[in-house]
Amino acid sequence: MQRRDFLRLVACATGTAVFGGTLSSRGAKAAATKPQKLNLLYATAEADSEAVKLVLPDFASKLGIKLNLETFPYAALQQKVFAELASSSAFYDIMVVDTPWMPALTNKIEPLSSYLKNPQLNDITDPEIKDFIPAVFYDAAVFNPKKSHLHFPDSNAPVDVAEIEKQGFEIYGLPLQANVLTLAYRKDLFEDPQEQQAFQSKYGKPLSVPETWDDFVPVAEFFTRPDKRLYGTTLMAGSGDWAVDDFKTLVACWGADGHLITDDFKMSFASPEGVAALTFYSDLINKQKVTPPGVTSFSWDDVADTFNSGLTAMAMNYHDMKLNSGVKGEVAYAMVPKKVASGPHFGTWILSVNKFSKNKEWAYRAVAWLTGAEAQTKMLEKQLHPSRASVYKEAAANSSLQKDFANFYDVLGKSLAVGVGRARLSNYFDVSKVIAVAVNNAATGSQKPQAALDAALPQVKEMLKQAGYTVADN
Amino acid sequence: MGWSLVCPAVVILLLMTIAPTIYLLQSSFFSFTLLNPELKRFVGLQNFVQVILDPTIRHGILVTLLFVVLAVGIELIAGLILAVALAPRSLGNTIGSTVLLLPFAVTPVVSALIWRQLLNPNYGWVDYYLQRLGIIGRPIEWLSSAPTAWVAIVGLDVWQWTPFVALILMAGLQGIPKEPQEAAAVDGANAWQTFWHVTLPQLRPFIALAVLLRLVEAFKTFGTVQILTGGGPGRATELINLTLYRIGLQDFQIGAAAALGILFLILLSIIVSQLLQVLGKNTELLE
């Protein structure tokens, strides 16, 4: 090779290297650089972190990225999420978000519609968003960026990104753990021939799991035997958000808006239906006396303890129940009874992408994979409450789940489809506390239901006004 | 040289105490939430007016004052009785003093969780043994009515903190000179007269110290009541700290929370300073 040829070769190689480098860096910009690690901020117990831990090895092999999972209990998690977003921190790429937090977070969470529509970003997992249970998806993930208090108009429509955008809404995450109230009951008691005969002779109709609240009362009365330490049911009537969840379920059943406050700020909790629902609730405790002592200080935890220790025949809760080893019996599940309508309270944890993350595209891919059907099906092993219809079909076909949880997943899926979420308020917890106090006062009998709700009404209106919402005085 | 030695401490103090206080004060004059600082607007004294006019906040302050008076008052009396009983040096008293430390050493949140189980009317030990002993006919629903919920929250605080008061007063009793008591006995004073007119005045600095420390802690009570009653039934046990937590750390209304915090701080400063003036008369500790 002559010296001139050598110089040409060097010049050519240099040119290729320079221009090639420029081109490849442009290509890298178009497709974001894959990070070595993504940080996920998650709830320890409430959103079932064990289920996420189970799929971490699969995640690493599928995406080639390590997922660093950090978990906190509920109160600390909320403060952490808000503090991280308020300080525009990029540390956590993905955050789990509870439904009542989102109205205050919509300008800090990355909208995902454009990601869902971009085939290049769905190269690892097809998000299959039509597979999500529509009511769950719209309640947990779809918000109006300009008016975060609004719900999507049709919560039963098949999930469609184009339609969501057309209506002025955005998608702020993908649902993972979906919780809803179901009715657990003692199958052994309901199927006991002696109990069936006794009920038949007392009420003139067969003993069956109540499907309506009207049927619920005689069944609860029938099983209430304080001398034998057995009560018909138990409730979450303590002074907390759980009492509101019980109450809003009944308000929906009685035919008013189960969100308790409508999107145009009508106070459905104080409507005639609301008063009737609270009267029914209070009567279960004070008139029919079908609940165990102490029910007016109970949260969902106490409801589980009470049912699991064999003290009640029926109980509503957000999760499955397990009778204590000393209690001989069997548990099965039914949907929460109806009145003129149905509307068990539900709330869903979604995975959202931090707007300030430096790895948003890969964070989206991770969210799509973690909330995908394959991952959710595997998470069933750790009792995830799935948010996808297809995973409920998988659960129905899984004999091991049937053995361990009876018909829980079947009832869970059906209940989610008709669930009703919370009002979307930036000061939800303040408002919820006022309503919880009203419910608790009616439950303890210290106030009549009408008086309790009348007292709450001006307080709620004032709080909403202080938060900047336009509320009519009458 | 002197300033350079003091400088690190001053910087830390400025960063950790003075700066947040200034931020708190400044925040109280603005309306904003943590996540929307761009919507921050000056509202003058509106946050303070809002807080003062809010009946639930006024109720919370009254509940807090009542809680502090009841809890610290009972702890002082019970602590004094325990201290007098355990002050003489003996093996039994040494063991008793050590046992006293146990409730004081339990994490408040854990003690509240245990109390909640103990007071459960369906399977808690308290109702079970009260019924077994024939003291009550049917279970008491401790956390479902206001009077019994108050017994529960004050009882828990007294159980946990009386040993602390007792230990301070016991140290005082063991440290005060014996001559005045012996002189009183020679003059014919009986045990009660000696205690009331001689021992108790000498204990005053220690009582002031115990009350001061307990007052500060009692006003800060949050976790135990949050777990035990959640402020219920209704709002019967809703301490102001529970309200402050909800406004500041659940709804993140920083302006309103700052105003409430400052007002409560002013109220506390007035109460504590007045109380110390009463307790601190003629005590070297506070002079």
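In this text, all values refer to a predicted model and were calculated from it rather than measured experimentally.

A:Trp101, A:Leu105, A:Ile171, A:Phe247, A:Ile261, A:Phe269 and A:Leu464 are the most contacted members of the largest nonpolar core, which has 166 residues in total. If one sorts the elements of this core by residue count, helix 19 (residues 428-444) of chain A sits on top with 10 residues. B:Val63, B:Val72, B:Leu119 and B:Leu143 belong to the second largest nonpolar core, which has 57 residues in total.

In a regular helix each residue adds 1.5 Å, so 13 residues correspond to 18 Å; helix 4 (residues 74-86) of chain A covers 18 Å between its end C-alpha atoms and thus fits that length. Inspection of helix 4 of chain A places A:Tyr74, A:Leu77, A:Gln78, A:Val81, A:Phe82, A:Glu84 and A:Leu85 among the buried residues, and these make up the whole buried set. When helix 4 of chain A is viewed along its axis, its buried side chains cluster within an angular range of 165° and face the same direction. Turning to helix 4 of chain A, the residues buried within the fold contact strand 1 (37-43), strand 2 (66-72), strand 3 (94-98), strand 10 (346-353) and helix 19 of chain A together with helix 11 (240-250) of chain B.

This part is about the interface of chain B and chain A. It is common to report an interface's size as the accessible area lost on association of the parts. Between chain B and chain A, the contact holds 28 residues from the first and 39 residues from the second. Summed over both partners, the interface of chain B with chain A buries about 2700 Å², with 47% contributed by carbon and sulfur atoms. We note a salt bridge from B:Glu238 to A:Lys433, for which the minimum N-O separation is 3.7 Å. Applying the counting criterion to the chain B and chain A interface returns 15 residue pairs in polar contact (both at pLDDT 80 or more). Taken together, the elements giving at least two residues each to the side of chain B that touches chain A come down to helix 5 (108-118) and helix 11 of chain B. It is helix 11 of chain B that provides the largest number of residues to the side of chain B that touches chain A, a total of 5 residues. Of the residues belonging to the side of chain B that touches chain A, the class tally is 10 nonpolar, 11 polar and 7 charged.

Here we come to the domain arrangement of chain A. Residue and element names in this part refer to chain A. Its domain assignment divides chain A into domain 1 (3-180 + 347-416) and domain 2 (182-344 + 425-466). Relative placement of domain 1 and domain 2: their C-alpha centres are 34 Å apart. With 21 residues of domain 1 in contact, the opposing surface of domain 2 contributes 19 residues. Interface area, domain 1 with domain 2, both sides summed: about 1700 Å², of which 64% is carbon and sulfur. Across the domain 1-domain 2 interface, the total number found is 0 salt bridges. Seen at the junction of domain 1 and domain 2, the total is 6 residue pairs in polar contact (both at pLDDT 80 or more). Sort the elements by how many residues they give to the side of domain 1 that touches domain 2 and helix 18 (residues 408-417) lands first, with 5 residues. Across the side of domain 1 that touches domain 2, the residue classes tally to 11 nonpolar, 8 polar and 2 charged.

Residues and elements named next belong to chain A. Burial along strand 9 (residues 331-334) is two-sided: the residues Val331 and Tyr333 and Ala332 and Ala334 are all buried. With 4 bridges connecting them, strand 7 (residues 182-186) and strand 9 associate as antiparallel partners. Counted as the bridge partner of leucine 183 is alanine 334 from strand 9.

This paragraph deals with the confidence of the model for chain A. This prediction gives chain A a mean pLDDT of 92; 93% of its residues lie at or above 70. Counted against residues more than four places away or in other chains, residues 9-30 of chain A, with its pLDDT under 50, gives 5 contacts.

Residues and elements named next belong to chain B. Inspection of the secondary structure puts isoleucine 207 in helix 9 (residues 191-219). Overall, isoleucine 207 belongs to the buried group, its relative accessible area being 13%. On a C-alpha basis, the gap between isoleucine 207 and isoleucine 61 in space is 25 Å, while along the polypeptide they are 146 residues apart.

What follows is about the side chain of B:Asp127. Residue and element names in this part refer to chain B. Among the secondary structure elements, aspartate 127 is positioned in helix 6 (residues 125-132). In this structure aspartate 127 is buried but unpaired, with arginine 138 as the nearest side chain of opposite charge at 9.1 Å. With residues near it in sequence (within four places) discarded, aspartate 127 still touches Pro121, Ile136, Pro139, Ile140 and Trp142.

Below, the discussion takes up unusual backbone geometry. The omega torsion of the bond from B:Gly232 to B:Pro233 falls at 0°, within 30 degrees of zero and hence cis. Look at A:Asp48: it is not a glycine, yet its phi comes out positive at around 60°. Among the secondary structure elements, A:Asp48 is positioned in the loop between strand 1 and helix 2 (49-54). With a relative accessible area of 11%, A:Asp48 lands in the buried category. In this structure, A:Ala406 takes a positive phi of about 50° despite not being glycine. Tracing the chain through its elements places A:Ala406 in the loop between helix 17 (399-405) and helix 18.

All names here are of chain A. The element strand 1 is extensively covered by neighbouring structure, given that 6 of its 7 residues are classed as buried. Sheet analysis places strand 1 next to strand 2, joined by 7 bridges and oriented parallel. The residue of strand 2 that forms the bridge with leucine 40 is leucine 69. Bridge count for strand 1 against strand 3 is 2 bridges, and the pairing is parallel. What sits directly across from leucine 41, in strand 3, is methionine 95.

Before going further, it helps to examine the environment of B:Ala183. Residues and elements named next belong to chain B. Along the chain, alanine 183 falls in helix 8 (residues 179-186). By relative accessible area, alanine 183 is classed as partly exposed at 39%. For the pair alanine 183 and glycine 234, spaced 51 residues apart in sequence, the C-alpha separation works out to 56 Å.

For the rest of this paragraph, the subject is the sheet that holds strand 3 of chain A. The strands making up a sheet are joined through hydrogen bonds of the backbone, oriented either antiparallel or parallel. All names here are of chain A. Pairing is mixed across the open sheet formed by 5 strands, whose spatial order is 2-1-3-10-6. The open sheet has two free edges, formed respectively by strand 2 and strand 6 (174-180), since each of these has just one partner strand. The sheet shows a mean angle of 20° between the axes of neighbouring strands, direction not considered. Packing against the sheet, helix 6 (residues 134-141) makes contact with strand 6 and strand 10, and its axis sits at approximately 60° to strand 10.

Here is what the cut-offs are and how they apply
Residues numbered from 1 in each chain as written. Chains lettered and ligands numbered in written order. Predicted model: local features only at pLDDT ≥ 70, side-chain atom pairs only at ≥ 80, totals over all residues. Heavy atoms only, no water. Core = buried A, V, L, I, M, F, W, Y, C linked by side-chain atoms within 4.5 Å. Buried < 20%, exposed > 50% of the residue type's maximum accessible area, 1.4 Å probe, protein only. Helix = DSSP H or I, 4+ residues; strand = E, 2+ residues; numbered from the N terminus. Expected span 1.5 Å × (residues − 1). Arc of directions from axis to C-beta. Contact = heavy atoms within 4.5 Å. Buried area = accessible area lost by both parts, 1.4 Å probe. Salt bridge = Lys/Arg side-chain N within 4 Å of Asp/Glu carboxyl O. Polar contact = N/O pair within 3.5 Å; in protein donor to acceptor, adjacent residues only side chain to side chain. Nonpolar A, V, L, I, M, F, W, Y, C, P; charged D, E, K, R; others polar. Domains from an automatic or database assignment. Pairing = 2+ DSSP bridges. pLDDT = per-residue confidence, 0-100. Lys, Arg positive; Asp, Glu negative; His and termini not counted. Axes fitted to C-alpha atoms, helices over the stretch in contact; angles between N-to-C directions.

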